[in-house]
Amino acid sequence: MKLKIAALLIGASFGVAGMAQAAGEIVIKFSHVVSPDTPKGKAAEYFKKLAEERTHGKVKVQVYPNSQLYKDKEELEALQLGAVQMLAPSLAKFGPLGVKEFEVFDLPYVFDNYDEVNKVMHGAIGKQLLGKLESKGIKGLAYWDNGFKNFSANKPIRTPADLKGMKIRIQSSKVLEEEMRSVGALPQVMAFSEVYQALQTGVVDGTELEASNLYTSKAYEVQKQLTLTQHGFLGYAVIVNKKFWDGLPADIRSELDSAMTDASKYANDIAKKENDRALAAIKASGKTQVYTPTVAERNAFKKAMLPVHAKMSSRIGPDLLKAIYKETGFNPNN
């Protein structure tokens, strides 16, 4: 760990501002942990294209997918130290950073569809949450959609009881840990880059992933069953090192803002389509049986998981929780 921190500090000493002075251009290292063929991966490449075009080559965006530079637990520290300038981590990553309010997005069944998610993320609540990152040396630029999570395993999952005793991989989130315990599963925090091998070797029994990441990581190849519980949402926040961002020339920052606005629209337009396409590909592969729960079965999962809302209310903030309920019309008693 000490060696890793030292490496980050060396990188930061050369790149806090991300400037390649000799080449006369500004370099933005954009690191992420998923495949280039996911909604996030495609949006990152689209941002690169727009940023370089609109700044007429004054900015060079270097995109590093698939944890090429940093794994889940490392990337935020790398950003804060200036070893990279831009990330698009899942919203669950900010709880361990100390901004626990973001874990509201991890609550089971708090959103029923993309419209509800975007009403919160792109409204006053979402803006307020991004503002909380600035004390951590991070500037929040935008939210990007991905999709709704489903349970996969090597045995059928039809009821909450089917998850009892199963080791399920999750991101580092107290809410997700409690979610797994609510159905008797054993939460296993693990970097996304390690999921395929962990499933293949039996280190974990299953996952909760949305279709695009399940497909592009090939994790579906080592999971015989996929149940479309749609129990949680996975989205991202595009963030930059605040010192780097504030140090950019005003005209460059304006063009990058413009590029990010259009890249975010692109990301959110393709998210559902990409997840639908990935799900169709998983079905067509014949390697994974895809099951759609009945209304009664889905309600059983919802009933088992809803106590997580009350248990996590004090951690997330009861006022924030009520504000989201009001925005979406969610009724925890129904």
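Conventions and cut-offs
Residues numbered from 1 in each chain as written. Predicted model: local features only at pLDDT ≥ 70, side-chain atom pairs only at ≥ 80, totals over all residues. Heavy atoms only, no water. Axes fitted to C-alpha atoms, helices over the stretch in contact; angles between N-to-C directions. Helix = DSSP H or I, 4+ residues; strand = E, 2+ residues; numbered from the N terminus. Parallel < 35°, antiparallel > 145°, perpendicular 65-115°, else oblique. Left-handed = near helix turned anticlockwise from the far one by under 90°. Contact = heavy atoms within 4.5 Å. pLDDT = per-residue confidence, 0-100. Phe/Tyr/Trp six-rings, centres within 6.5 Å; stacked < 30°, edge-to-face > 60°. Buried < 20%, exposed > 50% of the residue type's maximum accessible area, 1.4 Å probe, protein only. Salt bridge = Lys/Arg side-chain N within 4 Å of Asp/Glu carboxyl O. Pairing = 2+ DSSP bridges. 1 Å grid on protein atoms, 1.4 Å probe; cavity = no way out; pocket = protein on both sides within 12 Å on 5 of 7 lines; lining within 4 Å. Points joined across faces, edges and corners; volume = space filled by probe spheres on them. Nonpolar A, V, L, I, M, F, W, Y, C, P; charged D, E, K, R; others polar.

Asks: What am I meant to see in the packing of helix H7 (residues 174-182) against helix H13 (residues 307-316) here?
Replies: Think of two packed helices as two axes; the pair is described by the angle between the axes and how far apart they sit. Running from N to C, H7 and H13 cross one another at 160 degrees; their axes reach a closest spacing of 10 Å. Considering their axes alone, H7 and H13 lie roughly antiparallel with respect to each other. Relative to H13, H7 is oriented so that their crossing is right-handed. On H13, the residues touching Lys 174, Val 175, Glu 178, Glu 179 and Ser 182 of H7 are Val 308, Lys 311, Met 312, Arg 315 and Ile 316.

Asks: Looking at this model, I keep getting lost on the confidence of the model for the protein chain. Mind explaining?
Replies: Close reading of the predicted structure is inappropriate where its pLDDT is low. Confidence in the prediction for the protein chain averages 92 pLDDT; 93% of positions are at 70 or higher. Taken together, the stretch residues 9-22 has pLDDT below 50 and engages in 23 contacts with residues farther than four places along the chain or on a different chain.

Asks: Could you clarify how one ought to interpret the packing of aromatic side chains in this entry?
Replies: The relation between two aromatic rings is expressed through the spacing of the ring centres and the mutual angle of the planes. Summed over the entire model, instances satisfying the criterion amount to eleven aromatic pairs. On the numbers, 6.3 Å between centres and 50 degrees between planes, the contact of Phe 105 with Tyr 143 is tilted. Of this pair, Phe 105 sits in the loop between helix H4 (94-97) and helix H5 (114-121) while Tyr 143 sits in strand E5 (residues 138-153), placing them 38 residues apart in sequence. On the basis of relative accessibility, which here comes to 3%, the residue Tyr 143 falls in the buried class. Judged by centre distance (5.5 Å) and plane angle (90 degrees), the rings of Tyr 114 and Phe 148 are edge-to-face. Of the two residues, Tyr 114 sits in helix H5 while Phe 148 sits in strand E5, which places them 34 residues apart along the sequence. Accessibility expressed as a relative area gives 16% for Tyr 114, which makes it buried. Judged by relative accessible area, which is 8%, Phe 148 ranks as buried.

Asks: What is the right way to look at the pattern of salt bridges in this model?
Replies: Once the charged atoms of two side chains with opposite charge are near each other, the side chains can pair. Within this structure, the stated rule accounts for 20 salt bridges. The salt bridge partner of Glu 52 is Lys 48, with a shortest N-O separation of 3.0 Å. Here the residue Glu 52 and the residue Lys 48 both occupy positions in helix H2 (residues 39-54), the gap between them amounting to four residues, near one helical turn. The exposure class of Lys 48 is buried, given its relative accessible area of 19%. Within the structure, one salt-bridge network assembled from shared partners comprises Asp 37, Lys 42, Glu 274 and Arg 277.

Asks: Please clarify how the pairing of strand E9 (residues 225-241) should be interpreted in this entry.
Replies: Most of E9 sits out of view: 16 of its 17 residues are buried. Pairing analysis gives two bridges linking strand E4 (residues 86-87) to E9, with the strands arranged antiparallel. Looking across to E9, one finds that Leu 87 is bridged to Ile 239. Bridging between E5 and E9 involves 13 bridges; their strand directions are antiparallel.

Asks: Please clarify how the layout of surface pockets should be interpreted in this entry.
Replies: Over the atoms rolls a probe the size of a water molecule, and in doing so it shows where empty space is left. Within this model, the largest pocket holds a volume of roughly 290 Å³. Looking at the lining of the largest pocket, the elements that each hand over two or more residues are helix H6 (124-131), E5 and helix H11 (250-285). The element contributing the most residues to the lining of the largest pocket is E5, with five residues. Classifying every residue of the lining of the largest pocket by side-chain character gives five nonpolar, seven polar and three charged.

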